[in-house]
Amino acid sequence: MNFAGIELDLSVPQVMGVVNVTPDSFSDGGTLYSDNALSIAAAVDRAAQMVGEGASFLDVGGESTRPGANAVSVDEELCRVVPVIEALRARFAVAVSIDTSTPQVITAAAQAGAGLINDVRALQREGALQAAADTGLPICLMHIQGEPKTMQQEPHYDDLFGEISSYFAQRIGACEAVGIARDKLILDPGFGFGKTLQHNLQLLQEMHKLQSFNLPLLVGMSRKSMIGNTLNKPVDERLYGGLAVAVMALERGASIVRTHDVAASVDALRMTHAVLSSSLPRKAGNAVN
Ligand code: YH5
C-alpha cells in the first residue's frame, strides 16, 4: 500500500509510533506544553527516536480521544498537527498518519504530507468522507460505539462481532459511495472505544474473524486500560502486557500495530513474524537456518 510516496508491504508486520501533540497526553509523561514551538520540537525528538527503533508509521494526533477529554477547536487542532506533520515529512522517510475526525484537519494534513488518515470515528463527522476522498489517501476506519466523551458509560453489545462487522460494512459502503476505492481501506476494531474489559478481551481472542473483510487490520492496545485493568498496573508499567497482546493480534491477522513502545514492539513482532512465516520456502541464497 502506498502512503503519500512511502510504499509499505503490509504482509510484514509494521509498527506505528504514537506521536501525541495534545497538551494532556499523559502517556508521554504529562508534560504541559504552552509553547507550540516547544511541543513541535518535543514531537520531532520523540519521532526521531521511534524511527530509529523501527517505526514505519508515525501517528500524529492533536485531539485527545480519552474518555472525558475536552473538545479542541479546529484552529487549535490545525496549529498543533500541521507543523508537526511538515517537520516529520521533512526529516524522516516514514509514513505520517493523521489521527483526526475533523474535515479541515484531514485536508490540511494531506497538504502537509500525511500519508494515512486515521479516524477513530471512521469518517462519520459531517464533511469528513468527502474531505478524505478528496485527498486520495488510504484511510483507517476504526470501530467506536458512541462518542469518546461518553463511550465508556456502560457499553453494551447483544452481539459484539456482529455489531462491529455491520459497522465496518456500513462504513466501507459509505466510503465506496463517495468514490474511495476499497483497496485504500484499513480496519481497526477500536480497543477501548466503547468497550468493557470483557469486550476488549473477547475482541482480541476472536479478532481473526475480521480477516473475512480481506482488508489490512490495524490494532492499538498500547498502554490502554484493558492491560491496566487486567494486570492492575499503572500506565507506565503496561509494556509487557502490551507486548503479549500485540503478538496475539499479529497471530490473528493484524498488519499494523499502533504503540507508544516502538523498540520492544518491533522485536516482539519481528520474532513472531519469523515463526509464523517459517513454513514458507526461504528466499534463494538465504541459507541461514
Ligand atoms: C486505536 O486504538 N487509539 S487514542 C488510553 C490509554 C492509552 C492510550 C488509558 N487512536 C487508537 O492511544 N487510532 C487512539 O491509557 C487510535 N486505533 C487507532 N486507529 C487512545 C490511546 C490511549 C488511550
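Reading the values: the criteria
- Residues numbered from 1 in each chain as written.
- Predicted model: local features only at pLDDT ≥ 70, side-chain atom pairs only at ≥ 80, totals over all residues.
- Heavy atoms only, no water.
- Near = heavy atom within 4 Å.
- Polar contact = N/O pair within 3.5 Å; in protein donor to acceptor, adjacent residues only side chain to side chain.
- Areas by Shrake-Rupley, 256 points an atom, 1.4 Å probe, with all protein chains shown as cover.
- 1 Å grid on protein atoms, 1.4 Å probe; cavity = no way out; pocket = protein on both sides within 12 Å on 5 of 7 lines; lining within 4 Å.
- Sits in = over half its atoms within 2 Å of the grid points.
- Helix = DSSP H or I, 4+ residues; strand = E, 2+ residues; numbered from the N terminus.
- Nonpolar A, V, L, I, M, F, W, Y, C, P; charged D, E, K, R; others polar.
- Buried < 20%, exposed > 50% of the residue type's maximum accessible area, 1.4 Å probe, protein only.
- Pairing = 2+ DSSP bridges.
- Phe/Tyr/Trp six-rings, centres within 6.5 Å; stacked < 30°, edge-to-face > 60°.
- Lys NZ or Arg CZ within 6 Å of the ring centre and 35° of its normal.
- Right-handed = clockwise from strand over helix to strand, strands pointing away.

Asks: Outline the site of the ligand, listing residues and values.
Replies: Not every one of the 19 residues close to the ligand is listed here, only the nearest: Asp99, Asn118, Asp188, Lys224 and Arg258. Here asparagine 118 contributes a side-chain N or O atom positioned 2.7 Å from a nitrogen atom of the ligand. Coverage of the ligand by the protein amounts to 89% of the 510 Å² it exposes when considered alone. Put simply, the ligand lies in the largest pocket. Sorting the residues of the shell around the ligand by element identifies strand 7 (139-142) and strand 9 (217-220) as the ones contributing at least two each. Looking at the shell around the ligand residue by residue, the class counts come to six nonpolar, seven polar and six charged.

Asks: Kindly report on the pairing of strand 10 (residues 254-259), identifying the contributing residues and their values.
Replies: Across the six residues of strand 10, six count as buried, placing the element largely inside the fold. Direction of pairing for strand 3 (residues 14-20) relative to strand 10: parallel, over a ladder of four bridges. Paired with valine 15 across the bridge in strand 10 is valine 257. Of the strand pairs in this sheet, strand 9 and strand 10 are connected by four bridges, and their pairing is parallel.

Asks: Talk me through the packing of aromatic side chains; I want residue IDs and the actual numbers.
Replies: Scanning the entire structure with this criterion turns up three aromatic pairs. The interplanar angle of 70° and the centroid separation of 6.3 Å between the aromatic rings of tyrosine 167 and phenylalanine 168 together place this pair among those described as edge-to-face. In this structure tyrosine 167 comes out as buried when scored by relative accessible area, which is 14%. What makes phenylalanine 168 buried here is its relative accessible area of 0%. Judged by centre distance (5.8 Å) and plane angle (85°), the rings of phenylalanine 168 and phenylalanine 213 are edge-to-face. Pair noted here: phenylalanine 168 is in helix 5 (residues 160-177) and phenylalanine 213 is in the loop between helix 6 (197-205) and strand 9, with a separation of 45 residues, a long-range link. For the pair phenylalanine 168 and phenylalanine 213, a shared accessibility class is recorded, and that class is buried. An aromatic cluster of at least three residues, connected via ring pairs, comprises Tyr167, Phe168 and Phe213. Above the face of the phenylalanine 161 ring, lysine 209 is positioned so that its terminal group lies 5.1 Å from the ring centre.

Asks: A description of the pairing of strand 4 (residues 57-61) should follow, citing residues and the corresponding values.
Replies: For strand 4, the buried fraction is high: five of the five residues fall into the buried class. Residues Phe57, Asp59 and Gly61 of strand 4 are buried on one face, and the alternating residues Leu58 and Val60, pointing to the opposite face, are buried as well. Bridging between strand 3 and strand 4 involves five bridges; their strand directions are parallel. Each bridged residue has a counterpart across the sheet, and for asparagine 20 the counterpart in strand 4 is glycine 61. Bridging between strand 4 and strand 5 (residues 95-99) involves five bridges; their strand directions are parallel. By the bridge assignment for strand 5, glycine 61 is matched with aspartate 99. On the question of chirality, the crossover connecting strand 4 to the parallel strand 5 by way of helix 2 (residues 74-91) is right-handed.

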